[in-house]
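Read off the chains here:
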Amino acid sequence: MDGEEERQDLKLELLEAVWQYRSPDAPVDKPKLLQHILDTLFANDMAPLYEHIAGELGLAVDQARLGAMRASIAARVAKFEADAKDAEENAGESEVREALLGKAEYLAMVGDKDAAFAAFAVTEGKSAGSGPKMDIVFSQARLCMYYGDWHAVKDLLAKAQRLCDSGGDWERKNKLKVYQAVFAMYSRDFKLASSLFHEALATFSATELFPYSRVVFYAVITSIIAMDRVALKAKVVDAPEVLTTINQNPALQQFLDALYGCQYKQFFQVSNWTMQARMGRSHMHAPVCMSVWVWMHACLHARVHVGLVVGVDVGVGV
């Protein structure tokens, strides 16, 4: 991973901030974090998300601010529509599409799901080729992730796969793997998630979802559940992409080293802290961290006992 990473989607940043605010395990200053959430919403006129988050957190809605944000959104949308009309009269198809896409992406940014999907549909009609259409699907998928509509995410990723099969480029194919890995992780298909995350390590570009350090975390954690000892050694413990990044997360490195090195007392000590802390930091951590926790306590005790008693390598996969 070279160069400056694209910023994470602002909606997903807010989703993680709200998750941390609501989590008893997140080591954060809750009043300061709440102010950050509200400041972000107000600064970007995110009226739909403001109403949604206020409802989630039990906050009183500032009707004056809400009205001002709605007015600002209406003005921005009107400007995009005027630009599209002007492009139709005085420019070309690419300029028309640019204005339509700007409107759709803006509505997605502020969290207006229905209006954004309608605008994306119009934009898709003006889009040629699989690549631009895949970009639209990715934007729609992130919006659905925010609202927890995983059935829609599943359908959208199936559509993205069809577009990819009909001629998607290399970068978008690799990006799709990350989106599919996230969905597999949510579906608790950790074998598939692990495979996809590892395929994405060397070519990761989906920083609108999360930074590169996070994909390494997911690759390691899903592999601990999904892989046997031999595969874990080859694809995780000795993997160059993991080795160059895992030292940025000392707890994760201790977690992996203790497990593979059969230091089981240390492993359980580190794992409890790692799982608790991570579940509190991101909504995306919860499914895999909880599953690791269940896996550890359901089967690892038995496997460790067998290994210690009979002196054999019983593996670490399930």
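On a predicted model such as this, the values are computed, not experimentally measured, just so you know.

**Here we look at the overall build of the chain**
The helix and strand inventory of the chain stands at 16 helices and 0 strands. Counting across all 318 residues of the chain, residues that qualify as buried make up 51%. Long-range contacts, defined here as pairs at least 24 residues apart, represent 61% of the contacts in the chain between residues at least 6 apart. Accessible surface, the chain as shown: approximately 14800 Å² in total, 53% of it carbon and sulfur.

**Looking at the nonpolar core**
Leu41, Phe197, Leu209 and Phe210 are the most contacted members of the largest nonpolar core, which totals 93 residues. Core analysis: the next-biggest nonpolar cluster, separate from the first, contains 5 residues, Ala84, Val96, Ala99 and Leu100 among them.

**Some points on unusual backbone geometry**
The phi dihedral of aspartate 45 is positive, around 55°, even though this residue is not glycine. Mapping aspartate 45 onto the fold places it in the loop between helix 2 (30-43) and helix 3 (47-57).

**Some points on the packing of aromatic side chains**
Under the counting rule described, the total for this entry stands at 11 aromatic pairs. Taken together, a centroid distance of 5.9 Å and an interplanar angle of 45° make the contact between phenylalanine 204 and tyrosine 212 tilted. Under the relative-accessibility criterion, phenylalanine 204 is labelled buried at 3%. Here phenylalanine 210 and tyrosine 218 contribute two aromatic rings whose centre-to-centre distance is 5.3 Å and whose plane-to-plane angle is 75°, an arrangement assigned as edge-to-face. One exposure class covers both phenylalanine 210 and tyrosine 218, and it is buried. Feature note: the residues Phe197, Phe204, Phe210, Tyr212, Phe217 and Tyr218 constitute an aromatic cluster, connected by ring pairs. In this structure, arginine 76 packs its charged tip against the face of tyrosine 106, placed 4.5 Å from the ring centre. The ring of tyrosine 260 carries arginine 229 above its face, with NZ or CZ at 4.0 Å from the centroid.

**What to know about the pattern of salt bridges**
Enumeration according to the criterion identifies 18 salt bridges in this entry. Aspartate 238 is the salt-bridge partner of lysine 233, the closest N and O atoms lying 3.3 Å from each other. Given the relative accessible area of 38%, aspartate 238 is considered partly exposed. In the salt-bridge network here, residues are joined through shared partners; they are Asp9, Lys11, Arg142, Lys175 and Glu208.

**A word on the environment of leucine 59**
Mapping leucine 59 onto the fold places it in the loop between helix 3 and helix 4 (63-90). With relative accessibility at 26%, the residue leucine 59 sits in the partly exposed group. Those residues in contact with leucine 59, other than ones at most four positions away along the chain, are Leu34, Leu38 and Ala54.

**Observations concerning helix 5 (residues 93-110)**
Since the α-helix advances by 3.6 residues per turn, residues separated by three or four positions end up pointing in the same direction. End to end, helix 5 covers 26 Å across 18 residues, agreeing with the expected 26 Å (1.5 Å per residue, within 8%). If you check which residues of helix 5 are buried, you get Val96, Arg97, Ala99, Leu100, Gly102, Lys103, Ala104, Tyr106, Leu107, Ala108 and Val110. In this structure, the buried residues of helix 5 make contact with helix 1 (10-22), helix 3, helix 4, helix 6 (113-125) and helix 7 (130-146). Backbone geometry just downstream of helix 5 places glycine 111 in the positive-phi region, at approximately 95°.

**Remarks on helix 7**
With 17 residues, helix 7 ought to run about 24 Å at 1.5 Å a step, and its terminal C-alpha atoms sit 25 Å apart, in line with that. Across the 17 residues of helix 7, 14 count as buried, placing the element largely inside the fold. At the C-terminal side of helix 7, glycine 148 shows a positive phi close to 70°.

**Considering the packing of helix 8 (residues 150-165) against helix 9 (residues 170-186)**
A pair of packed helices can be characterised by two numbers: the angle between their axes and the separation between those axes. Two elements in contact, helix 8 and helix 9, have axes whose closest approach is 11 Å; the angle formed by their N-to-C orientations is 150°. With respect to each other, helix 8 and helix 9 are oriented roughly antiparallel. Both helix 8 and helix 9 take part in a crossing whose hand is left-handed. In this structure, helix 8 contributes Trp150, Val153, Lys154, Leu157, Ala160, Gln161 and Cys164 to the contact, and helix 9 contributes Lys173, Leu176, Tyr179, Gln180, Val182, Phe183 and Tyr186. When the residues that make up the contact of helix 8 with helix 9 are grouped by side-chain class, the tally is 10 nonpolar, 2 polar and 2 charged.

Quick notes on the rules
- Residues numbered from 1 in each chain as written.
- Predicted model: local features only at pLDDT ≥ 70, side-chain atom pairs only at ≥ 80, totals over all residues.
- Heavy atoms only, no water.
- Helix = DSSP H or I, 4+ residues; strand = E, 2+ residues; numbered from the N terminus.
- Buried < 20%, exposed > 50% of the residue type's maximum accessible area, 1.4 Å probe, protein only.
- Contact = heavy atoms within 4.5 Å.
- Areas by Shrake-Rupley, 256 points an atom, 1.4 Å probe, with all protein chains shown as cover.
- Core = buried A, V, L, I, M, F, W, Y, C linked by side-chain atoms within 4.5 Å.
- Phe/Tyr/Trp six-rings, centres within 6.5 Å; stacked < 30°, edge-to-face > 60°.
- Lys NZ or Arg CZ within 6 Å of the ring centre and 35° of its normal.
- Salt bridge = Lys/Arg side-chain N within 4 Å of Asp/Glu carboxyl O.
- Expected span 1.5 Å × (residues − 1).
- Axes fitted to C-alpha atoms, helices over the stretch in contact; angles between N-to-C directions.
- Parallel < 35°, antiparallel > 145°, perpendicular 65-115°, else oblique.
- Left-handed = near helix turned anticlockwise from the far one by under 90°.
- Nonpolar A, V, L, I, M, F, W, Y, C, P; charged D, E, K, R; others polar.

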